[in-house]
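Structural overview
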Amino acid sequence: MNTVIRASNIIKTFDLGEVKVRALRGVDLEINEGDFVAILGHSGSGKSTFMNIIGCLDVPSSGEVYIDDNNVANYSRDKLATIRNKKIGFVFQSYNLLSRTTALENVELPLLYNPEVSAVERADLSKKALERVGLGDRLSHLTNQLSGGQQQRVAIARALVNEPLVILADEPTGNLDTRTSYEIMGIFQELNEAGKTIVIVTHETDIAKMCKRNIVFKDGKVIKDFMVDKPINAKEELAKMPKQEDVLV
Amino acid sequence: MNTYNLLKISLKALRKNTFRTFLTMLGIIIGVASVIAMLSIGQGSKDSIESSISELGSNLIMVFPGAQRMGGVNLGSGTSRPLEIGDVEAIEENCTLLEGVTPVAMAQAQLIAGSSNWSSSVYGAYANYFDIRALDIKSGSRFSQSDVNRAAKVCLIGTTVVEELFGEYADPVGQSIRINKVPFKIVGVLEEKGAGMRGEDQDDVVIAPFSTVQRRLLGSTTVQQIFASAKSEDVSEAATEEIEAVLMKQLRVSSADEAFNIRTMSELSNMLSSTSDTMVTLLAGVAGISLIVGGIGIMNIMFVTVTERTREIGLRMAVGAKSKNILLQFLTEAVVISITGGIIGALLGIGVSVGFGNLMGWPVTITPFSIILAFGFSTLIGMFFGWYPARKAANMIPITALRYE
């Protein structure tokens, strides 16, 4: 199996003037192609900081981060932007979609910053990504006309559209109810089965159990790293739940 | 990211805050419109001054006798040796750049026709006086040079004189009037010229042959003024120098200042147009300041926009936008505001200029230069004042921007 992301001895210190916060105190991790990882931990454990560093949104104070064999620890802003554009797909807790903009245009966004993709390809790829998350019939809906679950699915389509090496999701189900959370997890499982590498940050154990591998952070260090025995299938779980006829989706 | 996408994104962003965008634009609209209106009105007044000067004959050169000093007392104009007809002939012979030259004799005289009488200035000159002064004849004809040679008692009168002596709509050609008791035959009426530069009535004149005025009315042999016209406005300065040289020789003086004065219309026109230039510059400057204030308005609103859209900036960066992309995006927004404002302002400015022209009867000239200037300036203002906020957006740290509440 190919290593997609390799982090070695990552230290991250935030200098807040009077105090220095040591968010990461030497993290070594490898994430391989086809992995489906849940990163767990209490708030302040450093899990989000780690996620930002492997997502090239932030740089470590020391240590090395290899993404697809590029050591990005010392990359310039523009080079990091290119890595994010081509190798990484982000899903955020609060969706971060452009308001009053259609689903299709939101999904097109990463391709807009890739000069190699033509306008026709862009629309085509975005449409396919939206179909993949089950929103093929909502291409021209504005984001504020969509439900929370649908908005997160648009965000997943956006993370998919550039065919990234890895999809990083920061608390993707944090703003959603259980039922919608499982729907979203179902999509992630489907994508993973199709070969996508996915890393999720979460603090919900039931969500973590739907992933194949769990990594637990505590006080800036990895304290546990294990394969989940039998990952729960989100779709089966969803089928067991009572139907919520009174809730409009 | 190509220009089309940039434009699409900024137009979309601007449409989300239509009213705010409009208010921001208003600063530029007012600035550009007032610059164009001021320049048009200024240019119009300059043009009207120039055209009224060219009505006077823009190539006109006037020679007055000089002043003499006696024991330190300046005796004023006309106290040195008077100009004589020989001087005029010398100018005629020796100056090559002149279209024509005429002596002028002036007399204030009482005019009598039937039971009416009126006091007016009588000018005696050669027949080419009408060409030199660019005078048109309304009815009848000018007198000829042979009338001048034989001191014929003929004259042309201005419209004011016609009104006073014969009534407003009369055509007195062929009738006779008495000028200081000497009967003259009216051979023509001059076209109306209106008020002159100093507010004098240019139609209150009588023009008669030089010799007639000199002998019959003045009884002198001196020439009070010499009028000449240069072949073109360009050579009027050189022509002036020629006249100066000839007269210095004639009057046997080493310095022209004492013996005679030469005035040209182009001098006057330069002075007047430089005055109006100063006014235009001043007005356009004030209007230009309002354009800068409009630019500061853009800067202000762009800062608000950048702060408001911090999360969007963070997201764009997260999905791969480089600093350059973000910079261009916000710069485009600022420039779209200023260019749109520039276009609307230019149209408004033209409208206001034309409206003022029609309403107040002001002369208005809209020059392409003023439109290009105002338009280019507003675009530059958009870029200049948009740059700093756009820079602020482009320098944001992605993760901080994403988490901005």
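**Comments concerning the overall build of chain B**
Looking only at helices and strands, chain B features 14 helices and 14 strands. Residue burial in chain B is summarised as follows: out of 405 residues, 47% are buried. Considering only intrachain contacts with a sequence separation of at least 6, the fraction spanning at least 24 residues in chain B is 76%. On chain B, roughly 19,300 Å² of surface is accessible, and the fraction owed to carbon and sulfur atoms is 58%. Separation between the mean location of the 32 positive side-chain charges and that of the 36 negative ones in chain B comes to 14 Å.

**A word on helix H12 (residues 323-360) of chain B**
With 38 residues, H12 of chain B ought to run about 56 Å at 1.5 Å a step, and its terminal C-alpha atoms sit 53 Å apart, in line with that. The positive-phi residue at the C-terminal boundary of H12 of chain B is glycine 361 of chain B, with phi of around 70°.

**Things to note about the interface of chain B and chain A**
Taken residue by residue, the interface counts 26 residues in chain B and 25 residues in chain A. Together chain B and chain A conceal approximately 2,300 Å² of surface at their shared face, both sides included; 52% is due to carbon and sulfur atoms. Counting the surface chain B buries against chain A, the share from its top three residues, Lys16, Leu315 and Val319 of chain B, is 25%. One can count one salt bridge joining chain B with chain A. For glutamate 105 of chain A, the salt bridge is made with lysine 12 of chain B, and the minimal N-O distance between the two is 2.7 Å.

**Topic: the pattern of salt bridges**
Inspection of every chain in the model, using the stated rule, returns 18 salt bridges over all chains. Taking the shortest distance from any N to any O, the salt bridge between aspartate 137 of chain A and arginine 138 of chain A comes out at 3.0 Å. Look at aspartate 137 of chain A and you get exposed, because its relative accessible area is 55%. Between arginine 150 of chain B and aspartate 147 of chain B there is a salt bridge, with the nearest N and O atoms lying 2.8 Å from each other. You can call arginine 150 of chain B exposed: its relative accessible area is 57%. Classification of aspartate 147 of chain B by relative accessible area gives buried; the value is 12%. Each of Arg309, Glu312, Arg316 and Glu333 of chain B takes part in one network of salt bridges that share partners.

**Here's the deal with a nonpolar patch on the surface**
Judged by side-chain polarity, Leu348, Val352, Phe356, Leu359, Met360 and Trp362 of chain B come together as a nonpolar surface patch covering roughly 580 Å² of accessible area. Relative accessible area serves as the criterion here: at 42%, leucine 348 of chain B is assigned to the partly exposed category.

**Quick notes on unusual backbone geometry**
Despite not being glycine, arginine 100 of chain A shows a phi value in the positive range, around 50°. Using a relative accessible area of 47% as the deciding quantity, one classes arginine 100 of chain A as partly exposed. One non-glycine residue with positive phi stands out, namely alanine 151 of chain B, at about 50°. Inspection of the secondary structure assignment puts alanine 151 of chain B in the loop between helix H5 (145-149) and strand S8 (154-157). Using a relative accessible area of 10% as the deciding quantity, one classes alanine 151 of chain B as buried.

**Examining the sheet that holds strand S2 (residues 20-32) of chain A**
All names here are of chain A. Across the sheet, four strands lie side by side as S2-S1-S4-S5; this open sheet has antiparallel pairing. In the strand order of this sheet, the two ends are held by S2 and strand S5 (70-71), each with one partner. Here strand S1 (residues 3-15) pairs with strand S4 (residues 62-67) via five bridges, running antiparallel. For isoleucine 11, the partnering residue across the bridge sits in S4 and is serine 62.

**With respect to the domain arrangement of chain B**
Size of an interface: often given as the accessible area lost when the parts come together. Annotation of chain B at the domain level lists domain 1 (3-52 + 271-403) and domain 2 (98-226). The gap between the C-alpha centroids of domain 1 of chain B and domain 2 of chain B is 59 Å.

**Quick word on the pairing of strand S7 (residues 166-170) of chain A**
Residue and element names in this part refer to chain A. Across the five residues of S7, five count as buried, placing the element largely inside the fold. Covered by surrounding structure in S7 are Val166, Leu168 and Asp170 together with Ile167 and Ala169, the residues of both alternating faces. Alignment of strand S6 (residues 88-91) against S7, held across four bridges, turns out to be parallel. In the strand pairing of S7, glycine 89 is matched with isoleucine 167. Pairing analysis gives five bridges linking S7 to strand S8 (residues 197-201), with the strands arranged parallel. Within S8, the residue paired with aspartate 170 across the bridge is valine 201. For the segment spanning S7, helix H6 (residues 178-193) and S8, crossover handedness is right-handed.

**Digging into helix H1 (residues 3-16) of chain B**
All names here are of chain B. For H1, which comprises 14 residues, the first-to-last C-alpha distance of 20 Å matches the rise-based estimate of 20 Å (1.5 Å per residue) to within 8%. Taken together, the buried positions of H1 are Asn5, Leu6, Ile9, Ser10, Ala13 and Leu14. One side of H1 holds all its buried residues, which, seen down the axis, span an arc of 165°. Opposite the packed face of H1, turned more than 90 degrees from it, sit the exposed residues Tyr4 and Arg15.

**Examining empty space enclosed by the protein**
Applying the stated rule across the entire model yields one cavity of 30 Å³ or more. Each pocket or cavity is described by its volume, and for the largest cavity that value is around 50 Å³. Lining the largest cavity we find Arg84, Ile88, Gly89, Phe90, Pro110, Arg158, Ala159 and Asn162 of chain A together with Ala318 and Val319 of chain B. Going through the elements one at a time, S6 and helix H5 (148-160) of chain A are the ones with two or more residues in the lining of the largest cavity. Residues belonging to the lining of the largest cavity are distributed by class as follows: six nonpolar, two polar and two charged.

What counts and what doesn't
- The numbers attached to residues start from 1 for each chain and follow its sequence in the written order.
- A letter from A marks each chain and a number from 1 marks each ligand, given out in the order of writing.
- Local features in this predicted model are restricted to residues of pLDDT 70 or higher, and side-chain atom pairs are both shown and tallied only at a pLDDT of 80 or more, whereas totals for entire chains, interfaces and linings draw on every residue.
- As a convention, hydrogens and water are excluded, and side-chain values are obtained from all of the structure's heavy atoms.
- The secondary structure listing takes helices from DSSP runs of H or I that are at least 4 residues long and strands from runs of E that are at least 2 residues long, numbered from the N terminus.
- A 1.4 Å probe rolled over the protein chains alone gives each residue an accessible area, and that area as a share of the maximum for its type sets the label: buried under 20%, exposed over 50%, partly exposed in between.
- The contact criterion used throughout is that any non-hydrogen atoms of two residues lie within 4.5 Å.
- The method behind every accessible area is Shrake-Rupley, applied with a 1.4 Å probe, and residues are considered shielded solely by the protein chains displayed.
- The positive count covers Lys and Arg only, the negative count covers Asp and Glu only, and His and the chain ends enter neither.
- Charge positions come from single atoms, namely NZ of Lys, CZ of Arg, CG of Asp or CD of Glu.
- Multiplying 1.5 Å by the helix residue count minus one yields the expected span of that helix.
- Each of two parts loses accessible area, computed with a 1.4 Å probe, when they are put together; buried area is these two losses added.
- Salt bridge, as used here, is a side-chain nitrogen of Lys or Arg placed within 4 Å of a carboxyl oxygen of Asp or Glu.
- Note on patches: the residues involved have over 30% relative accessible area and no salt bridge, like charges join within 9 Å, and the nonpolar side chains Val, Leu, Ile, Met, Phe, Trp and Tyr join within 5 Å.
- In short, DSSP must find at least two bridges between two strands for them to pair.
- Where each domain starts and ends follows an automatic or database-derived domain assignment.
- We call a crossover right-handed when, viewed with the strands running away from us, the connection from the first strand over the helix to the second turns clockwise.
- The directions considered for the arc are those from the helix axis to the C-beta atoms.
- With a 1 Å grid spanning the protein atoms alone, the term cavity applies to any set of points in which a 1.4 Å probe fits but cannot get out, the term pocket to an open set with protein on both sides within 12 Å along at least five of seven lines, and the term lining residue to any residue with an atom within 4 Å of a point.
- Grid points are joined across faces, edges and corners, and a volume is the space filled by probe spheres set on the points.
- Residues are grouped as follows: Ala, Val, Leu, Ile, Met, Phe, Trp, Tyr, Cys and Pro are nonpolar; Asp, Glu, Lys and Arg are charged; all remaining types, including Gly, are polar.

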